[in-house]
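Letter by letter, the chains look like this.
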Amino acid sequence: YAMHDFTLLDRRLGTLEELRDLTTSAHRLGMYVIVDVVMNHMDNEFYFQGHQFSQAEFRLHGSTEQQREYEYIPRRAEAELFDTPAGKQPYMDFWFNNTWDPQAQYEGKVYGQW
């Protein structure tokens, strides 16, 4: 949790070459290797509004302003962010916004939906 760099492999799990060898061997046997990454713990790129250097208290979101989810703020200066269809973002291919839905309804596709 709270990854600082998603592009690095944890050395306790081996080297990048060993991961490539494992994947190649698995593919030869007709298997796949799933790399599971928890993307909502991006401490290196974001902080919660008002908590740049501290831990944000848990909030169960509700319908009042005091129950709103925390705003997600990029740590990088705006000049260092990428221009994307979703505005300035820390990653070119992973976008976020602070649109708050008090009903917590996700309108996009859910895994398994076609």
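Residues numbered from 1 in each chain as written. Predicted model: local features only at pLDDT ≥ 70, side-chain atom pairs only at ≥ 80, totals over all residues. Heavy atoms only, no water.

A closer look at the overall build of the chain
Counting its secondary structure elements, the chain contains one helix and four strands. Ordered by position from the N terminus, the helices and strands of the chain form the series α-β-β-β-β. Looking at the 114 residues of the chain, the share that counts as buried comes to 16%. Once local pairs closer than 6 in sequence are excluded, the contacts in the chain between residues at least 24 apart make up 56%. Counting only carbon and sulfur atoms, one obtains 55% of the accessible surface of the chain, whose full area is about 10100 Å². (Helix = DSSP H or I, 4+ residues; strand = E, 2+ residues; numbered from the N terminus. Buried < 20%, exposed > 50% of the residue type's maximum accessible area, 1.4 Å probe, protein only. Contact = heavy atoms within 4.5 Å. Areas by Shrake-Rupley, 256 points an atom, 1.4 Å probe, with all protein chains shown as cover.)

Details of helix H1 (residues 16-28)
Here H1 is 13 residues long and its end C-alpha atoms lie 18 Å apart, about the 18 Å a rise of 1.5 Å per residue gives. Directly beyond the C-terminal end of H1, a positive phi value near 80 degrees is found at Gly-30. (Expected span 1.5 Å × (residues − 1).)

Quick look at the packing of aromatic side chains
A full pass over the atoms with the stated rule returns two aromatic pairs. Both rings, one in Phe-46 and one in Tyr-72, keep their centres 4.3 Å apart while their planes meet at 10 degrees; by these two values the pair is stacked. With a gap of 26 residues between them, Phe-46 in strand S1 (residues 46-48) and Tyr-72 in strand S2 (residues 72-74) connect regions that are remote in the sequence. The same class applies to Phe-46 and to Tyr-72, which are both buried. Aromatic side chains Phe-48 and Tyr-72 sit 5.6 Å apart centroid to centroid with 40 degrees between the ring planes, which places their arrangement in the tilted category. Taken together, the positions of Phe-48 in strand S1 and Tyr-72 in strand S2 put the pair 24 residues apart, joining distant regions of the chain. One aromatic cluster is present, formed by Phe-46, Phe-48 and Tyr-72 through successive ring pairs. (Phe/Tyr/Trp six-rings, centres within 6.5 Å; stacked < 30°, edge-to-face > 60°.)

Describing the side chain of Glu-45
Topologically, Glu-45 is positioned in the loop between H1 and S1. At 2.8 Å, the side chain of Glu-45 and the side chain of Arg-76 are in polar contact. Not counting chain neighbours up to four residues away, the residues in contact with Glu-45 comprise Ile-73, Pro-74, Arg-75, Arg-76, Pro-90 and Tyr-91. (Polar contact = N/O pair within 3.5 Å; in protein donor to acceptor, adjacent residues only side chain to side chain.)

Section: the environment of Thr-84
Assignment of secondary structure puts Thr-84 in strand S3 (residues 82-84). Overall, the relative accessible area of 13% leaves Thr-84 in the buried class. If sequence neighbours within four positions are ignored, Thr-84 has contacts with Gln-89, Tyr-91, Met-92 and Trp-95. From its side chain, Thr-84 meets the backbone oxygen of Gly-87 in a polar contact 2.6 Å long.

Considerations on the confidence of the model for the chain
Predicted coordinates in regions of low pLDDT should not be interpreted in detail. Mean pLDDT over the chain works out to 76, with 68% of the residues at or above the 70 mark. Mean pLDDT in the chain bottoms out at S1, which sits at 83, and peaks at H1, which reaches 91. Every residue in residues 110-114 scores below 50 in pLDDT, and together they form two contacts with partners more than four places removed in sequence or on other chains. (pLDDT = per-residue confidence, 0-100.)

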